[in-house]
Amino acid sequence: MSTIHLRDVYYKYQSQLDNEEDINSNLPEALSNINLEIKQGEFVCLLGKNGSGKSTLAKLLNGLALPTSGEVLVDGISTKDESRVYEIRKKVGIVFQNPDDQIISSIVEEDIAFGPENLNLDSAEIEQRVDSALESVSMTQYKYTDPSHLSGGQKQKIAIAGQLALKQEVIVFDEPMSMLDEKDRTDLLSVIKKLNREDKITIILITHNASEAVYSDRVIALQKGTIKYDGPTNAFFGNKEMVLSLGVEIPVANKIAYKLSEHIKGFNEKIITKEDLVSQILNIKR
Ligand SMILES: Nc1ncnc2c1ncn2[C@@H]1O[C@H](COP(=O)(O)OP(=O)(O)O)[C@@H](O)[C@H]1O
Ligand SMILES: [Mg+2]
């Protein structure tokens, strides 16, 4: 059971710190005044435009980066506690944007087994974990394939399987869909949804595209390193001014709903899928 707490977190990159003596330069922190609690089983969408601090926040969650001030706690363990960073990494995994950076082996099976092998598990346990991880991402048939022959979306699924084989309780996805085509995106999004709903894995999905928030329960929106919104996904989309002010990509259905709501009294702006939009339009009383 992993609960993540961030308390009064600030983060400055070294180059931002180096510039502090230079009074002409006033580089802001990458993150400031971040207070959050993410509970086991949540599906959170961390949304913000490029440079808003999303990746920095991701790296803080498993100790890849340490806060300049404040604290990040995973199940009460501070990421600053060097002796326990290993425990934290066993709970919280990160899948990055580019699958090519994450795949190291020339056979899918070996690639997924790499992490568990480092945990010194016996070979039967490793094999079982590899098989079940492949099954979770519907990639069993590619067990003996060379990953370089796979599509971007399939490679991303292998990277996810690598995390699943470690039995991570929390998986942070840092813009995992940005390099994929439309079909692979839809496919991967439903895999991520399944991991949350069926395997009860806490999901933190990072994106600059609000349409990827559809399956999340909660949106945390960042702007210039601070939290601009933290609340239910539905209420997020209902807050038109705020959504538009973030500078993120907005689902076409929502753009239409926002426009219609200017002309039709009582039109619900919270819609997040095309289907919701269509059914609302069909319900408009003439
Ligand atoms: N390695 C780095 N050194 C200095 N500044 C950085 C570094 N990485 C990111 N930044 C700065 O920190 C801010 C947040 O970046 P980042 O967390 O990568 O945002 P996002 O993932 O939302 O695009 C930006 O202003 C960015 O320029
Ligand atoms: Mg980023």
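Numbers given to residues run from 1 along each chain, matching the order in which its sequence is written. Following the order in which they are written, the chains are lettered starting with A and the ligands numbered starting with 1. Restriction of local features to residues with pLDDT of at least 70 applies here, the model being predicted, together with a cutoff of 80 or more for giving and counting side-chain atom pairs; totals for whole chains, interfaces and linings are based on all residues. To get the side-chain values, all heavy atoms of the structure are used, and hydrogens and water are removed first.

Our focus in this paragraph is the nonpolar core. The set of buried Ala, Val, Leu, Ile, Met, Phe, Trp, Tyr and Cys residues whose side-chain atoms join them within 4.5 Å is what this entry labels a nonpolar core. Burial classes follow relative accessibility: with a 1.4 Å probe on protein chains only, a residue under 20% of its type's maximum area counts as buried, one over 50% as exposed, and anything between as partly exposed. Residues Ile112 and Phe173 are the most contacted members of the largest nonpolar core, which totals 31 residues. Of all the secondary-structure elements, those providing two or more residues to this core are α4 (108-117), α5 (123-136), α6 (152-164), β7 (170-174), α7 (182-197) and β8 (202-207). Here, two residues are considered to be in contact whenever any of their heavy atoms come within 4.5 Å of each other. Look past the residues within four positions of Ile112 in its chain and what remains in contact with it is Val130, Ala133, Leu134, Ile158, Ala161, Gly162 and Ala165. Leu6, Tyr11, Leu60 and Ile206 belong to the second largest nonpolar core, which has 28 residues in total. Think of it this way: any DSSP run of H or I at least four residues long counts as a helix, any run of E at least two long counts as a strand, and we number them from the N terminus.

A few words on the sheet that holds β8. Two strands qualify as a pair provided DSSP detects at least 2 bridges between them. An order of β6-β7-β8-β3-β9-β10 is seen for the 6 strands of this open sheet, with the pairing classed as mixed. Looking along the sheet, the strands with just one partner apiece sit at the ends: β6 (92-95) and β10 (226-232). Taking the axes of each pair of neighbouring strands and ignoring which way they run, one obtains an average angle of 15° across the sheet. Here 4 bridges tie strand β3 (residues 43-47) to strand β9 (residues 218-223), and the two strands are oriented parallel to one another. Bridging across to β9, Cys45 finds its partner in Val219. Each axis is a line fitted through C-alpha atoms, and for a helix only the stretch in contact is used; angles between axes span 0 to 180 degrees, taken between their N-to-C directions.

What follows concerns the site of ligand 1. In these notes, residues near a molecule or strand are those with any non-hydrogen atom within 4 Å of it. If you check the shell around ligand 1, you find Tyr13, Ser15, Ala30, Lys49, Asn50, Gly51, Ser52, Gly53, Lys54, Ser55 and Thr56 and nothing else. Between N or O atoms, a polar contact is any pair within 3.5 Å; within protein, one atom must be a potential hydrogen donor and the other a potential acceptor, and residues adjacent in sequence are included only when both atoms are from side chains. One of the backbone N or O atoms of Gly53 is found 3.1 Å from an oxygen atom in ligand 1. Backbone polar atom of Ser55 to an oxygen atom of ligand 1: 2.9 Å apart, as the coordinates give it. Computed by Shrake-Rupley with a 1.4 Å probe, the accessible areas treat only the displayed protein chains as cover when residues are assessed. Calculation on ligand 1 without its partners gives an accessible area of 560 Å², and the protein chains cover 61% of this total. It is helix α2 (residues 54-61) that provides the largest number of residues to the shell around ligand 1, a total of 3 residues. In this classification, the charged set is Asp, Glu, Lys and Arg, the nonpolar set is Ala, Val, Leu, Ile, Met, Phe, Trp, Tyr, Cys and Pro, and all remaining amino acids, among them Gly, are polar. A per-class count over the shell around ligand 1 returns 2 nonpolar, 7 polar and 2 charged.

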